[in-house]
Amino acid sequence: MTQQPHKVREPLFRIAKRDTIVWWKAWCIRAAAIIIALIFSGIVSYLLTGENPLHIYATMLGGAFGTQRRIWGMLQNLAMLLCVSVAVTPAFKMRFWNIGAEGQVLIGGLASAACMILLGDKLPNAVLLIVILAASLLAGAVWAVIPAVFRAKWLTNETLFTLMMNYIAIQLVSFFVYKWSVPKGSGQVGVINRATHAGWMPVIGKYDYLLNILIVAVITLFMYIYLKYSKQGYEIAVVGESENTARYIGIPVKKVIIRTMLISGAICGLAGMLLVSGTDHTISRDTAAGRGFTAIMVSWLAKFNPIFMVLTSFLIAFLEKGATEVSTEFGLNESFSEIITGIIIFFIIGCEFFIQYTVKMREKEAAK
Amino acid sequence: MIWAGFLQRAIMQGIPLLYGSTGEIITEKSGNLNLGIPGIMYVGGISGVIGAFLYEQNAAALNPVLAVLIPLLCSVAGSLVMGLIYSFLTVSLRANQNVTGLALTTFGVGFGNFFGGSLSKLAGSDVASISLTATSNCFRTKLPFADSCGWFGQVFLSHSFLAYTAVIIAAVTALILSHTRVGLHLRAVGENPATADAAGINVGRYKYFATCIGSVIAGLGGLYYVMDYANGVWSNDGFGDRGWLAIALVIFAVWRPNISIFGSILFGGLYIVHNYIPGLDVSGQELFKMLPYAVTILFLVVISMRRKREAQPPAHLGLPYFREER
């Protein structure tokens, strides 16, 4: 049998993995993506509102930085988002897809609210705050460790398990919100301990959110050091790269998974406490406000580096505040901010490709 | 009869879940874990609403065929775009599937609520809320002999054409997945793309098609919810967490659309069972709403403990495929 030599047509372009990329080039690509995304969302806003895009950007800036009050509000949002993002990071570095941060934050908040309501008039405030801290850390950790144990022991799919745990937490919060609602049956808890301020986190000077922001800053720094310089952080990185390698060099994989999720969940629980005891002084099923999901994107966009997360959560917090201002100013629905955030994240996700791979065009056929 | 009414409502609750889970099963069989399904279902719903709204505003008299066809096509187009965004980012640009999916959900839910809240303002009309009763009536055309068949008619024959379409799509999908070459190839792509690639299957194309077809099917669930279940009235966040429940149903149905037909009725029943339990206060109802999720977790744990091979997720679920990284 003779076979005709098959004529292969070279594709127009092919994709190859980059070895390394100079850090400033990578950041240039990211910055370019953000700028293109901003231009694109400017066009979208123009189509929807008919306003001058420059005016829209100015409104966004004003919404985020316009007054001192707004700056503090944005910093608070930034800190909360950063806290949850830092919390989910060790799990992600281990390639444990914990998308249950929403539930872990909520359950931590629920624990704080429970302590504030049930023990509010029984303990001195300092003791109460310690009890609240312990309870919220524990609640978040328990909520996170349940899927971790099943993942470690039986390889139960953690993405789906943690996702379902969110809704168990949400319904649990709903249940207690109705139980505790003031007035009865209203479905709202209202401000807890409005008169006594029992279980409220102390305020530094006259800055409502300063303590929250400081705590989150410390946690972020701690997580950076923990992941980069500690032995446990190294173990997490190895398990994330390859479980088989980790097992081969004697890292107890199951133990690492469970321990990491304990830490991850505990910090989520703390975020719940900061929200309930430090910010809102109430609880509802919307207390976490989707931060558990947004945090996943923030953490991933920052390449799991807690320091970069300050930047990425700033970007998201700024977009949220700015787009909310645009929607109030132009009489649009407040979900406008989610559309803009979505568009920008699409662009940043897409640009990672150009950092990791290069596109090579078809080379001219050598002259025969 | 209470139980006949209950069953009828359970089926109505189940249909959006059935659409969503059938779409997600097709997607997951190709190895793509699309967490954007909740967003896609919102977009499918609101795109249909936009189409119907513009048609109702501009048409002098409602032509029933057009009134069904226009929202249907808009819905398909909207979800198709969402599917294309997801496939382009995850397949062509190899982005992380979880992050892309969650971004898609953020975007889709925002898109739905945004247009739901500002559609009438943008269109320059004075309608306070979007209520598409006329279109909805066209969608909800029942079988003519449903009323004369007693409880059987009430439970099984009283639904609209979209409900029966959901069941048919699920059944056909089950057939295609397990009995045709295309289904075999699709499963191969999800289980082990490298092997599939070596066997000459175009992995990228299968992933694209599966994700986009899956999105379109899921989007129809959103359309059914608005037009049939909610009588053509769009309310923001009204669709709620049904998208996530559809993903839960995928697990419950162990990645088989024929099981999810019955699973969807069960989930629909669990979703509303709190209305049928006498003497339950509001807080107790909230606890009962946990049931579908709790059942899913239980199921997930059981199938992972039993390690039955047929009941596992596709082996390459959630992982990107890049030929040169084998």
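Just above, that's the structure.
Analysis parameters
- Residues numbered from 1 in each chain as written.
- Chains lettered and ligands numbered in written order.
- Predicted model: local features only at pLDDT ≥ 70, side-chain atom pairs only at ≥ 80, totals over all residues.
- Helix = DSSP H or I, 4+ residues; strand = E, 2+ residues; numbered from the N terminus.
- Contact = placed C-beta atoms within 7 Å.
- Axes fitted to C-alpha atoms, helices over the stretch in contact; angles between N-to-C directions.
- Parallel < 35°, antiparallel > 145°, perpendicular 65-115°, else oblique.
- Left-handed = near helix turned anticlockwise from the far one by under 90°.
- Buried ≥ 20, exposed ≤ 12 C-beta atoms within 10 Å, placed from the backbone.
- Pairing = 2+ DSSP bridges.
- Core = buried A, V, L, I, M, F, W, Y, C linked by C-beta atoms within 7 Å.

1. Comments concerning the overall build of chain A
So, point 1. Within chain A, the secondary structure is distributed over 13 helices and two strands.
So, point 2. Counting only C-alpha atoms and orienting by the principal axes, one finds that chain A spans roughly 90 × 60 × 40 Å.
So, point 3. The contacts in chain A between residues at least 6 apart in sequence include a share of 78% that link residues at least 24 apart.

2. What about the packing of helix α1 (residues 2-29) of chain B against helix α11 (residues 242-252) of chain B?
Residue and element names in this part refer to chain B.
So, point 1. Packing of α1 against α11 brings their axes to within 8 Å, and their N-to-C directions diverge by 55°. Judged on the interaxial angle alone, α11 and α1 are oblique. Crossing angle aside, the handedness with which α1 passes α11 is right-handed. Along its contact with α1, which presents P16, L17, G20, S21, E24, I25 and E28, the element α11 presents R242, G243, L245, A246, I247, L249 and V250.

3. Topic: the pairing of strand β1 (residues 13-17) of chain A
Regular strands place side chains that alternate from one sheet face to the opposite one.
Residue and element names in this part refer to chain A.
So, point 1. For β1, the tally of buried residues reaches only zero of five residues, placing the bulk of the element at the surface.
So, point 2. Sheet topology places β1 next to strand β2 (residues 357-361); five bridges connect them, and they run antiparallel. Following the sheet pairing, F13 is matched in β2 by M361.

4. A closer look at the nonpolar core
So, point 1. One finds C83, V84, M164 and A271 of chain A together with Y224 of chain B to be the most contacted residues of the largest nonpolar core, which totals 207 residues.
So, point 2. Ranked by residue count, the leading element in this core is helix α10 (residues 203-229) of chain B, at 16 residues.
So, point 3. Among residues more than four places away in sequence, those in contact with Y224 of chain B are I15, P16, Y19, L162, A163 and Y229 of chain B.

5. Observations regarding the environment of L298 of chain B
Residues and elements named next belong to chain B.
So, point 1. Locating L298 in the fold gives a position in helix α14 (residues 291-306).
So, point 2. Judged by the 12 C-beta atoms lying within 10 Å of it, L298 is exposed.
So, point 3. Taking the C-alpha atoms as reference points, L298 and F252, 46 residues apart in sequence, are found 9.4 Å from one another.

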